[in-house]
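Single-letter residue listing:
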Amino acid sequence: MADDKGPRDDRWYFSLMAPNTKGDKFAWLDPTSIYINGKAYHDLLDDLCNDLDADEIDVVAGLDAMGFVLAAGIAARIGRGFLPIRKPGKLCVDTDSASMTNYSGQTQSMEMRTPAFAPGTRVLLVDQWVETGGTMHGAVQLVEQQQGKVAGMVAIVMEENDNTAEYRRKYNCVTAIQPGTEWQRQANAQYLESFKTYKPEMAFPV
């Protein structure tokens, strides 16, 4: 793969994302193939971190589970700690809990250790893909329950809807796929044209 990542609205690694092959109970695509390829993963982290100001962030929180991959990578890049926000029953310490409705319409809860930080701590929220915004809403609740401040949100993409529009209005939202682009339009439609030529071998480590 060439060193050039391509134009900001059409990064080469977007086409590595895999279509769902397992049915309606799963998300409609799998971005984790970006993470397998070292150049793709690091180019993605470069692009996300370029739009962040570490001086405005005290800790990076990743949403269970795939948000952990991006959040930990970003935290290491910008010199901050990593805070996991987990599905219920996973933490062996006292927790706060918040309910939310996920992308499939199911009501779930999320948990965060308590106390996780001092009041006023600035928390960057990171998830892999924001579809309906429900999971991110649960994370916001948890931060606010402990009197923290949401420093921003990061994802590969935020699909466009009323919830994500409100996030973009209230917070600094950093996404690899840029609003107003053809990739954003395809993400909103939940079908990428690159699926037509996708092959698993494209993401193999090199």
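An account of the accompanying structure is given in this report. All values derive from a computational prediction rather than experimental measurement. (Residues numbered from 1 in each chain as written. Predicted model: local features only at pLDDT ≥ 70, side-chain atom pairs only at ≥ 80, totals over all residues. Heavy atoms only, no water.)

A tally of helices and strands in the chain yields six helices and nine strands. Over its C-alpha atoms the chain spans a radius of gyration of 17 Å, differing by no more than 12% from the 17 Å that the globule rule assigns to 206 residues. For the chain, the residues scored as buried account for 49% of the 206 residues in total. Element-wise, carbon and sulfur atoms account for 49% of the exposed surface of the chain, whose accessible area totals about 10,100 Å². (Helix = DSSP H or I, 4+ residues; strand = E, 2+ residues; numbered from the N terminus. Rg over C-alpha atoms; globule rule 2.2 N^0.38 Å. Buried < 20%, exposed > 50% of the residue type's maximum accessible area, 1.4 Å probe, protein only. Areas by Shrake-Rupley, 256 points an atom, 1.4 Å probe, with all protein chains shown as cover.)

A complete count under the given rule lists zero disulfides for this structure. Summary of cysteine pairing: Cys 173 is not part of a disulfide, and the nearest cysteine sulfur, belonging to Cys 49, is at 16 Å. According to the relative accessible area criterion, Cys 173 is buried, its value standing at 14%. (Disulfide = S-S within 2.5 Å.)

Below, the discussion takes up the pattern of salt bridges. In the structure shown here, the tally under the stated rule is 11 salt bridges. The salt bridge partner of Arg 122 is Glu 56, with a shortest N-O separation of 3.9 Å. Here the residue Arg 122 occupies a position in strand 7 (residues 122–126), and Glu 56 occupies one in the loop between helix 2 (38–49) and strand 3 (59–63), the gap between them amounting to 66 residues. In this structure, Lys 196 engages Glu 193 in a salt bridge whose closest nitrogen and oxygen atoms are separated by 2.7 Å. By sharing partners, the salt bridges in this structure join Lys 5, Arg 11 and Asp 47 into a single network. (Salt bridge = Lys/Arg side-chain N within 4 Å of Asp/Glu carboxyl O.)

So, about the environment of Ala 187. Tracing the chain through its elements places Ala 187 in helix 6 (residues 182–189). Apart from residues lying up to four places away in sequence, Ala 187 is in contact with Trp 28, Trp 129, Val 157, Glu 159 and Leu 192. (Contact = heavy atoms within 4.5 Å.)

Counted under the stated rule, the structure contains nine aromatic pairs. Centre to centre, the rings of Phe 14 and Trp 183 are 5.3 Å apart; their planes meet at 70°, and the pair counts as edge-to-face. Placement of Phe 14 in the segment before strand 1 (18–19) and of Trp 183 in helix 6 is noted, with a sequence separation of 169 residues between them. Ring plane angle 70° and centroid distance 5.7 Å describe the contact between Tyr 35 and Tyr 41, whose orientation is recorded as edge-to-face. Accessibility assignment for this pair places Tyr 35 and Tyr 41 in one class, buried. Among the aromatic side chains, those forming a connected cluster through ring pairs are Trp 12, Tyr 13, Phe 14 and Trp 183. (Phe/Tyr/Trp six-rings, centres within 6.5 Å; stacked < 30°, edge-to-face > 60°.)

This paragraph deals with unusual backbone geometry. A cis geometry characterises the amide bond from Asp 64 onward to Ala 65, with omega recorded as 0°. Inspection of the secondary structure puts Ala 65 in the loop between strand 3 and helix 3 (67–78). Here the amide bond leading from Thr 114 into Pro 115 is cis, since omega sits at -5°, within 30 degrees of zero. Phi at Gln 147 takes a positive value of approximately 60°, unusual for a residue other than glycine. Within the element layout of this structure, Gln 147 appears in the loop between helix 4 (134–145) and strand 8 (149–155).

Next up on the list: helix 3. In a regular helix each residue adds 1.5 Å, so 12 residues correspond to 16 Å; helix 3 covers 16 Å between its end C-alpha atoms and thus fits that length. Against helix 1 (33–36), helix 2, strand 3, strand 4 (81–85), strand 7 and strand 8 lie the buried residues of helix 3. Looking one or two places after helix 3, you find Gly 79, whose phi comes out positive at around 75°. (Expected span 1.5 Å × (residues − 1).)

A few words now on helix 6. Regarding helix 6, the residues found buried are Trp 183, Gln 184, Gln 186 and Ala 187. Across the axial projection of helix 6, the buried residues extend over an arc of 165°, all falling on one side. Looking one or two residues past helix 6, Gln 190 carries a phi angle of roughly 55°, positive in sign. (Arc of directions from axis to C-beta.)

Remark: helix 2 packs on helix 3, axes separated minimally by 10 Å, with the N-to-C direction vectors making an angle of 65°. The pairing of helix 2 with helix 3 is recorded here as roughly perpendicular in orientation. The two elements helix 2 and helix 3 meet at a crossing, and its hand is right-handed. Here helix 2 contributes Tyr 41, His 42, Leu 44, Leu 45, Asp 46, Leu 48 and Cys 49 to the contact with helix 3, which in turn contributes Val 69, Leu 70, Gly 73, Ile 74, Arg 77 and Ile 78. Residue composition of the contact of helix 2 with helix 3, by class: nine nonpolar, two polar and two charged. (Axes fitted to C-alpha atoms, helices over the stretch in contact; angles between N-to-C directions. Parallel < 35°, antiparallel > 145°, perpendicular 65-115°, else oblique. Left-handed = near helix turned anticlockwise from the far one by under 90°. Nonpolar A, V, L, I, M, F, W, Y, C, P; charged D, E, K, R; others polar.)

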